[in-house]
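# Analysis of the macromolecular model
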Protein chains: 2
Amino acid sequence: MQIPIYENILKSNDYLAEENQHLFNRQRLFVVGILGSPGAGKTTLLEKSVAALKQMNLRPAVLVGDLATSRDAERIQQYDIPCAQLTTGGACHLEAQQVNKALKDFDLGQLDILFIENVGNLVCPTGFKLGEHIRAVVFSVPEGDEKVEKYPATFKKADCIILNKIDYLNLQEFDVEKPKREALALNPNLVWLNCSCSTGEGIDEWINYLKTSRQNLLNANS
Amino acid sequence: MQIPIYENILKSNDYLAEENQHLFNRQRLFVVGILGSPGAGKTTLLEKSVAALKQMNLRPAVLVGDLATSRDAERIQQYDIPCAQLTTGGACHLEAQQVNKALKDFDLGQLDILFIENVGNLVCPTGFKLGEHIRAVVFSVPEGDEKVEKYPATFKKADCIILNKIDYLNLQEFDVEKPKREALALNPNLVWLNCSCSTGEGIDEWINYLKTSRQNLLNANS
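Reference entry: report on the structure contained in this document. What you see as residue numbers is a count from 1 along each chain, following the sequence as written. Written order determines the labels here, with chains lettered from A and ligands numbered from 1. Where totals are concerned, whole chains, interfaces and linings use all residues; where local detail is concerned, this predicted model gives features only for residues with pLDDT of at least 70, and gives and counts side-chain atom pairs only at 80 or more. Hydrogens are left out, water is left out, and the side-chain values use all remaining heavy atoms of the structure.

## Details of the overall build of chain A
A run of H or I in DSSP counts as a helix once it spans at least four residues, and a run of E counts as a strand once it spans at least two, with each numbered from the N terminus. A tally of helices and strands in chain A yields 9 helices and 7 strands. Each radius of gyration is computed over the set of C-alpha atoms, and the globule rule expresses the reference value as 2.2 Å times the number of residues to the power 0.38. For 222 residues, the compact-globule estimate of 2.2 N^0.38 gives 17 Å, and chain A sits close to it at 17 Å. Considered along the principal axes of its C-alpha atoms, chain A spans approximately 65 × 40 × 35 Å. Note on exposure labels: buried denotes an accessible area under 20% of the residue type's maximum, exposed denotes more than 50%, and partly exposed covers the range between, all computed with a 1.4 Å probe on protein chains only. Within chain A, the proportion of its 222 residues that are buried is 57%. Only the protein chains shown count as cover for residues, with accessible areas throughout obtained via the Shrake-Rupley method and a probe of 1.4 Å. With an accessible surface of roughly 9800 Å², chain A has 47% of that area assigned to carbon and sulfur atoms. We treat Lys and Arg as the positive residues and Asp and Glu as the negative residues; His and chain ends play no part in the count. In plain terms, the charge of a residue is placed at NZ if it is Lys, CZ if Arg, CG if Asp and CD if Glu. For chain A, the distance from the average position of its 23 positive side-chain charges to the average position of its 28 negative side-chain charges is 3 Å.

## As for the pattern of salt bridges
Criterion for a salt bridge: a side-chain nitrogen of Lys or Arg within 4 Å of a carboxyl oxygen of Asp or Glu. Here the structure, examined in full by the defined rule, presents 22 salt bridges over all chains. The partner of A:Asp72 in a salt bridge is B:Lys150, with the nearest N and O atoms 2.6 Å apart. On the criterion of chain membership, the pair formed by A:Asp72 in helix H4 (residues 71–77) and B:Lys150 in helix H6 (residues 147–150) is interchain, its members lying in two chains. Like B:Lys150, A:Asp72 is buried. In this structure, A:Glu132 and A:Arg135 form a salt bridge, with 3.5 Å as the shortest nitrogen-oxygen distance. A single network of salt bridges, built from pairs that share partners, joins A:Glu47, A:Asp66, A:Asp72, A:Arg75 and B:Lys150.

## Section: the packing of helix H3 (residues 42–55) of chain B against helix H9 (residues 203–221) of chain B
Residues and elements named next belong to chain B. As a rule, the C-alpha atoms of each element are fitted with a line to give its axis, helices using only the stretch in contact, and angles between N-to-C directions run from 0 to 180 degrees. Following both chains from N to C, one finds H3 and H9 inclined at 65 degrees, their axes separated by 10 Å at the closest point. For the element pair H3 / H9, the angle class is roughly perpendicular. The chirality of how H3 crosses H9 is right-handed. Each of Leu45, Lys48, Ser49, Ala52 and Leu53 in H3 lies in contact with H9, whose residues at this interface are Ile203, Trp206, Ile207 and Leu210. When residues are grouped by polarity, Ala, Val, Leu, Ile, Met, Phe, Trp, Tyr, Cys and Pro land in nonpolar, Asp, Glu, Lys and Arg in charged, and all others, Gly among them, in polar. Across the contact of H3 with H9, the residue classes break down as 7 nonpolar, 1 polar and 1 charged. Here the angle decides the label: under 35 degrees means roughly parallel, over 145 means roughly antiparallel, 65 to 115 means roughly perpendicular, and every other value means oblique. Two helices crossing with the near one rotated counterclockwise from the far one by less than a right angle form a left-handed crossing, whereas a clockwise rotation gives a right-handed crossing. Here a residue-residue contact requires only that any non-hydrogen atoms of the pair lie within 4.5 Å.

Next up, the structure:
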């Protein structure tokens, strides 16, 4: 018998995030963290994603973090999938412990992919692992092409960048290659995807990326 | 002689913000805090503002907060006005003490309006007063019309909301009256301005608002 004497010391966010990930792995559940500024299009991307995944007979679910309101969760629930809302009451990011508690609202063994949508904030969620297998940052054309320079940690710690709202590219100055080049310099393993949730452009690539990443995880854990 | 025995206890952020404001008032300097998400258009609004104020023979200056890079300060410096950059090194908001230190870079007696541009973040700067006389939140059409509901504290604690990028209104669904109504319900004293930094629409109203607010302050302190 082990006595968990260090439990309180070790239960920092990272430790709990690791616990969350062990739980996900035991359930063969692929988990994707979604980060981005307010209005970057996180919830819209999730709407497109869960619709596409359902059509492929995959079983998605969504955990939505927000300061206030259950508005995003209501948008997701229309797709008739498991969805829970985590309201932080003003806190600027999710933490692993909150996620852990919220997992009780899901039957994890009945799911294939869980998305965790963080609070709309390009800064604060960066340092807090939640146990996700991949972290995707949604960043949109109207935000401007200098955002990688200005928020380097966020881009460095991402696995995938979704440049959303590319249908706005002809409406403003925005050099797509510039943030991409800067992000890849910070993190050469980054996957960069251009997308428009309005026109549907790039959604297939994103779904393929999710499917491949999930399969890699299942192979690694089998 | 007074011995500042409580100094360390009282020098909380609010206390220091009050100190900053006393200093501004002694110098008859009107100070405007600018908050908003990454890419809402804070720096572009400041570019338009300082150009317009200079033409009116007012003497503006800008203190720019950012996680990394001095890019925004470089944009402002082109207008040949006093400008300083505060780099937070990853921290998600400015605090009154940082502002206080940065004030040494300005000859305050030679200025009429100082803008303090916060880090791009709709959440975290909300709770930290800096000593500003008014706080303006820049919020842009591409962010979506549900942002007041989702970030109520930010809108409640603002004096003025600038809804920017209204030239995008015909490109997406966005009900201008909805966030305005919600914001005024949270804070009936709020001034709401629609604006486009690209077309110039609404900039005159914003400049008039600044001039009137400054005059009211000078009258109150005279």
